[in-house]
Amino acid sequence: NAASAALADKINGWTLSPAYGAGVAFHFRDQSFVLLFRAVHAVMASFADRIGHYTNPAIRALISILLAGKYIRSASHRELRVRDLLRAPSLPMLQSFWHLPGILPLSLLPTVISRASAVNTVLQIPVAHEERRATDVHGPETASMPHQPAGKAPLPAVVPARLISHLPFSAQGELGSTPPAPALLIHIHGGGFLSQSSKAHEVYLRDWAADLGTPILSIDYSLAPAYPYPTALRECFAVYKWALQNAASLGTTAERVVVTGDSAGGTLAIALALRCLEAGLRVPDAVFMSYPALSISPDLSPARLTALYDPLLPKSILETCVRAYVGPESVVSPLLSPLDASPELLRQLPPVHIMAMALDPLLDDSVEFARRMRDAGGEVSLRVVDDAPHGVLNFKHLNKVSYVTSLPDARPPRTATRSPSSC
């Protein structure tokens, strides 16, 4: 609304530099989060200093980590460098920096601190970027997916998807010795729609596969800004259809299929369920979203105001991610902004479980979506984790909050509950 837009314009000029220096993560009670984000900002500053110096990503990552001491020791140096970086974020720098968990040496960490996997392989899944016919859900006037994405790159013919399984279920290549699992977990990674991969999320996916005894298929969709909306959603939809048709080759009977995602992946997970409703395809048995971004609106909320000093999702980065994903075309659709879904659509969704973080600028997105879905008569549960930041699943082994948050009891229940008190 007008008042929110006016306030947003006003705070654009505010500078909270101490939040990137001595005051980083000042609002967290757990000191381990303070130390974590101090280190993240130091490595970001060091990484930016070397962005044009090394062509090999692994060497650049290693050197940036080793030479981050200058910014760790000096809060003032860190404050000035990070403030300048976040004032007008560089897309290539953000993409490269956020991708660090997926490249050497950091990509080796899951093999050391997470459970082993009998199967960990990348499948190449064919995808047809056909034009969508408008369906009865929205009608031709409000068809929610544009016919052609606005990206400059040619559309990929295949989509990589990583199959992770703790046990060698039968029909998974020649490894199979265990009867097929009854369930399948389809995972969509986060990264602001513009970075990261399934590899960067193995730190918790390996443990999920072991704890749940279920194969996990994690989709490496095409990233913005080269591939803006709706390319990622189309690819996730194509992989989902392929998985239903080829469940046996994944080591599952697919009696129960759950779609999950964190951050941008959570957005795509619920959008995928909505897309299934449009297409008349079997909807997932449940959707589990972790700290999703459910609105592309610039309107402010109490939680989004914390982006003024959030160490991971400052306002400038949120806006950069939205611009990259939405692209130059103006689109209004619940597939892009799920908070815009009608009560009728929300009522038709499968059980939805949302895990939100109390200190996340995106908290209010989850709370509002849960409220609207509950009021529409849908099955929804909402869990808010106290004193936890955005992206906590990737910090699984940092502290007790991160570890407990990622345990199987935080996964979607077999039957989600509609509880007004949880919203």
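Preceding this section is the structure that the text describes.
First things first, this report covers the structure right here in the doc. Fair warning: this is a prediction, and the values are worked out from it, not measured in the lab. (Residues numbered from 1 in each chain as written. Predicted model: local features only at pLDDT ≥ 70, side-chain atom pairs only at ≥ 80, totals over all residues. Heavy atoms only, no water.)

A short note on the pattern of salt bridges
And then number 1: The full count for this structure, using the stated rule, is 18 salt bridges.
And then number 2: Close ionic contact of Glu368 with Arg371 constitutes a salt bridge, the shortest N to O distance being 2.5 Å. Taken as a pair, Glu368 and Arg371 lie in helix α14 (residues 363-375) at a separation of 3 residues, close to a single helical turn.
And then number 3: Here Glu368 falls in the partly exposed class, since its relative accessible area comes to 22%.
And then number 4: A salt bridge links Arg371 to Asp375, with the nearest nitrogen and oxygen atoms 3.1 Å apart. Note that Arg371 and Asp375 are positioned in helix α14 at a spacing of 4 residues, about one turn of the helix.
And then number 5: On the basis of relative accessible area, Arg371 is assigned to the partly exposed category, the value being 32%. (Salt bridge = Lys/Arg side-chain N within 4 Å of Asp/Glu carboxyl O. Helix = DSSP H or I, 4+ residues; strand = E, 2+ residues; numbered from the N terminus. Buried < 20%, exposed > 50% of the residue type's maximum accessible area, 1.4 Å probe, protein only.)

A word on the sheet that holds strand β1 (residues 119-126)
Whether parallel or antiparallel, the strands of a sheet pair through hydrogen bonds between backbone atoms.
And then number 1: Here 8 strands make up an open sheet; going across it, the order is β1-β2-β4-β3-β5-β6-β7-β8 and the pairing mixed. Each edge of the sheet is formed by a strand with only one pairing partner; in this case those strands are β1 and β8 (380-385). Strand-to-strand twist of the sheet, defined as the mean angle between neighbouring strand axes without regard to direction, takes the value 20°.
And then number 2: Relative to strand β2 (residues 158-165), β1 runs antiparallel, the two sharing 8 bridges. Paired with Val122 across the bridge in β2 is Arg162.
And then number 3: In this fold helix α10 (residues 264-279) packs onto β3 (181-188), β5 (252-262), β6 (286-290) and β7 (352-357), with an angle of close to 135° to the strand it touches most, β5.
And then number 4: Contacts from α14 reach β6, β7 and β8 within the one sheet, and its direction differs from that of β7 by about 155°. (Pairing = 2+ DSSP bridges. Axes fitted to C-alpha atoms, helices over the stretch in contact; angles between N-to-C directions. Contact = heavy atoms within 4.5 Å.)

A closer look at the packing of aromatic side chains
And then number 1: By the definition in use, this model includes 9 aromatic pairs.
And then number 2: For the ring pair Phe28 and Phe33, a centre distance of 5.4 Å and an interplane angle of 45° mean the geometry is tilted.
And then number 3: Given a relative accessible area of 5%, Phe28 falls into the buried group.
And then number 4: Taking the relative accessible area as the measure of exposure, Phe33 reaches 0% and is therefore buried.
And then number 5: Taken together, the ring pairs connect Phe28, Phe33, Phe37 and Phe395 into an aromatic cluster.
And then number 6: The aromatic ring of Phe237 is capped on one face by Arg275, whose charged end is 4.6 Å from the ring centroid. (Phe/Tyr/Trp six-rings, centres within 6.5 Å; stacked < 30°, edge-to-face > 60°. Lys NZ or Arg CZ within 6 Å of the ring centre and 35° of its normal.)

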